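The chain contents come next:
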Amino acid sequence: MLERFAGKRITVLGAGVSGVSLACFARRKGAQVFVTEQKTLSESTKALFFREGISWEEGHSERACACDELLLSSGVSPKAPLVEHALSLNIRVTGELDAVAPFLRGRLVGITGSNGKTTTKEILA
């Protein structure tokens, strides 16, 4: 399971903070990574992707589905048109947490909800 990104073509949908980190993570695990982002990327993000050997596009094209797996950045709806299109092509679609969880060690605690996440995190720490 830990080698599941090696040699794979991975598309990351979304280039916000978590999407950028997810793309770099997959690249460092040996994947060929392509990022598709609806908005314009910052120059610093473009420079980071260039250094990491990550391809990208601004606006979604069919190239986004030329992959073995589509990884969803946090905040991307599983009902987004590109996600539904990928599923119709039988492309594996994986959320951010499910993509990285197999690489984590120790206990994993998920804190969700609208209120109290920071307080709960501090209590757990």
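Definitions and limits used
As a convention, each chain's residues are numbered from 1 in the sequence order in which they are written. At least 70 in pLDDT is required for a residue's local features to be given in this predicted model, at least 80 for side-chain atom pairs to be given and counted, and no such filter applies to totals for whole chains, interfaces and linings, which use all residues. Think of the side-chain values as coming from all heavy atoms in the structure, minus any hydrogens and water. One bridge is not enough; two strands pair if DSSP finds at least two bridges between them. Where helices and strands are cited, they refer to DSSP runs of H or I of at least four residues and of E of at least two residues respectively, numbered from the N terminus. Axis definition: a line fit to C-alpha positions, over the contact stretch in the case of helices; interaxial angles, taken between N-to-C directions, run 0 to 180 degrees. Pairs of residues are marked as contacts when any of their non-hydrogen atoms sit within 4.5 Å. To qualify as a nonpolar core, a set must consist of buried Ala, Val, Leu, Ile, Met, Phe, Trp, Tyr and Cys residues joined through side-chain atoms within 4.5 Å. Burial classification: accessible surface area is computed with a 1.4 Å probe over protein chains only, and a residue below 20% of its type maximum counts as buried, one above 50% as exposed, and the rest as partly exposed. Patch membership is restricted to residues that have no salt bridge and whose relative accessible area is over 30%. Joining uses 9 Å for like charges and 5 Å for the nonpolar side chains Val, Leu, Ile, Met, Phe, Trp and Tyr. Calculation of accessible area relied on Shrake-Rupley with a 1.4 Å probe; when residues are assessed, cover is drawn exclusively from the protein chains displayed. Throughout this description, the term salt bridge denotes a Lys or Arg side-chain nitrogen within 4 Å of a carboxyl oxygen of Asp or Glu. A pair of cysteine sulfur atoms is labelled a disulfide when the two atoms are within 2.5 Å.

Trainee: Quick question: what am I supposed to make of the sheet that holds strand E4 (residues 69-72) here?
Mentor: What holds strands together in a sheet is hydrogen bonding between their backbones, with the strands either parallel or antiparallel. Reading across the sheet, the 5 strands line up as E3-E2-E1-E4-E5 and stay open at both edges, with parallel pairing between neighbours. With partners counted over all chains shown, the strands left at the sheet margins are strand E3 (55-58) and strand E5 (92-95), one partner each. Strand-to-strand, the axes of this sheet are offset by a mean angle of 20 degrees, without reference to chain direction. Of the pairings in the sheet, the one linking strand E1 (residues 9-13) to E4 comprises 4 bridges and is parallel in character. Looking across to E4, one finds that threonine 11 is bridged to leucine 70. Of the strands in this sheet, E1, strand E2 (32-37), E4 and E5 touch helix H3 (residues 81-88), which is tilted by about 155 degrees from E4.

Trainee: How should the nonpolar core be read in this particular structure?
Mentor: A general feature of soluble globular proteins is that nonpolar side chains tend to end up buried together. Ranked by size, the top nonpolar core spans 19 residues in total, and within it Val12, Val33, Val35 and Leu71 carry the most contacts. The set of elements that each furnish at least two residues to this core consists of E1, helix H1 (17-28), E2 and helix H4 (96-100). Broken down by element, this core gets its largest block of residues, 5 residues, from H1. Setting aside residues no more than four positions away along its own chain, valine 35 makes contact with Val12, Gly14, Ala15, Ala23, Phe49, Ile54, Ser55, Trp56 and Glu57. Of all hydrophobic cores here, the second largest spans 12 residues; its members include Cys65, Cys67, Leu72 and Ala80.

Trainee: In this structure, what is going on with a nonpolar patch on the surface? I would like to understand it.
Mentor: On the surface, a nonpolar cluster with roughly 300 Å² of combined accessible area is contributed by Leu97, Leu104 and Leu108. As for its position among the elements, leucine 97 is in helix H4.

Trainee: How should I be thinking about the state of the cysteines in this particular structure?
Mentor: Joining two cysteines, a disulfide is a covalent bond between their sulfur atoms. Counted according to the given criterion, the structure contains 0 disulfides. We note that cysteine 65 lacks a disulfide partner, and the nearest cysteine sulfur, in cysteine 67, lies 6.0 Å from it. You can call cysteine 65 buried: its relative accessible area is 11%. The exposure class assigned to cysteine 67 is buried, which follows from its relative accessible area of 8%.

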